[in-house]
Structures are given as C-alpha cells and as structure tokens.
Amino acid sequence: MSAGLVGALIGLAVAVVDYFALRLLASRVDLPETKRVLNITGLSQFVLLPVIGYFVAPLFTGD
C-alpha cells in the first residue's frame, strides 16, 4: 500500500470523526444559517481531507 493511499485513508477517518462532531455541534445551534454552514463544512471535508492526505503523506515518508 502506497503512502498516498494510507494518507487518504487517514484523512477519510479524520473526516468521519469531524463530520459527527460537527453534526453534534449543529444540533445545539439555534440559527439555521449556522447549522447549514456546519453541515456543509462536514460534508466538504469528506473530499478535502483524503485529497490533502494523499498528497501530504508522501512528503512525510520521503516517497
């Protein structure tokens, strides 16, 4: 398994944890605009964190 793939998997795991944390936070907020922003942020991290992990992990391993 390449370093990029490991980094993407770690990024995906962090995105899942962060998604549930942001959903919990959104359930406690009163403003609907803030809820929407928190939900969009959580969903966008499913794309951004694995991509960032794919490119950053090889930098740490030297590949």
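Residues numbered from 1 in each chain as written. Predicted model: local features only at pLDDT ≥ 70, side-chain atom pairs only at ≥ 80, totals over all residues. Heavy atoms only, no water.

In this section: the overall build of the protein. A tally of regular secondary structure across the protein gives two helices and zero strands. Its C-alpha radius of gyration of 14 Å places the protein more than 25% over the 11 Å reference for a compact globule of 63 residues. Seen through its principal axes, the protein has C-alpha atoms that stretch 45 × 15 × 15 Å. Sorting the 63 residues of the protein into buried and exposed places 27% on the buried side. Once local pairs closer than 6 in sequence are excluded, the contacts in the protein between residues at least 24 apart make up 68%. When the accessible area of the protein is evaluated, it comes to approximately 4600 Å², of which 73% is carbon and sulfur surface. In the protein, the 4 positive side-chain charges and the 4 negative ones have mean positions that sit 12 Å from each other. (Helix = DSSP H or I, 4+ residues; strand = E, 2+ residues; numbered from the N terminus. Rg over C-alpha atoms; globule rule 2.2 N^0.38 Å. Buried < 20%, exposed > 50% of the residue type's maximum accessible area, 1.4 Å probe, protein only. Contact = heavy atoms within 4.5 Å. Areas by Shrake-Rupley, 256 points an atom, 1.4 Å probe, with all protein chains shown as cover. Lys, Arg positive; Asp, Glu negative; His and termini not counted. Charge placed at Lys NZ, Arg CZ, Asp CG, Glu CD.)

Before going further, it helps to examine helix H2 (residues 32–61). With 30 residues, H2 ought to run about 44 Å at 1.5 Å a step, and its terminal C-alpha atoms sit 43 Å apart, in line with that. Taken as a whole, H2 carries its principal kink of about 40 degrees at Gln-45. Those residues of H2 lying buried are Leu-38, Gly-42, Gln-45, Pro-50, Gly-53, Ala-57 and Pro-58. Check the buried side of H2 and you find it contacts helix H1 (3–28). (Expected span 1.5 Å × (residues − 1). Bend = angle between axes of the 7 residues up to and from the residue.)

Let's shift gears to the environment of Gly-62. Structurally, Gly-62 is set in the segment after H2. In this structure the C-alpha to C-alpha distance between Gly-62 and Leu-24, which are 38 residues apart in sequence, comes to 38 Å.

Right, let's get into a nonpolar patch on the surface. On the surface, Met-1, Leu-5, Val-6, Leu-9, Ile-10, Leu-12, Val-14, Val-16 and Phe-20 cluster together into a nonpolar patch covering about 840 Å² of accessible area. Within the secondary structure, Val-6 is located in helix H1. (Patch = residues over 30% accessible without salt bridge, like charges linked within 9 Å, V, L, I, M, F, W, Y side chains within 5 Å. Salt bridge = Lys/Arg side-chain N within 4 Å of Asp/Glu carboxyl O.)

Before going further, it helps to examine the UniProt feature "transmembrane region" (unreviewed entry) in the protein. Mapped onto this numbering, the UniProt entry annotates "transmembrane region" (unreviewed entry) at residues 6–25 and 37–57. Across residues 6–25, the secondary structure splits into 100% helix and 0% strand, with the terminal C-alpha atoms separated by 29 Å. From the first C-alpha to the last, residues 37–57 spans 29 Å; its make-up is 100% helix and 0% strand. (UniProt positions renumbered as here; feature names shortened; annotations may be inferred.)

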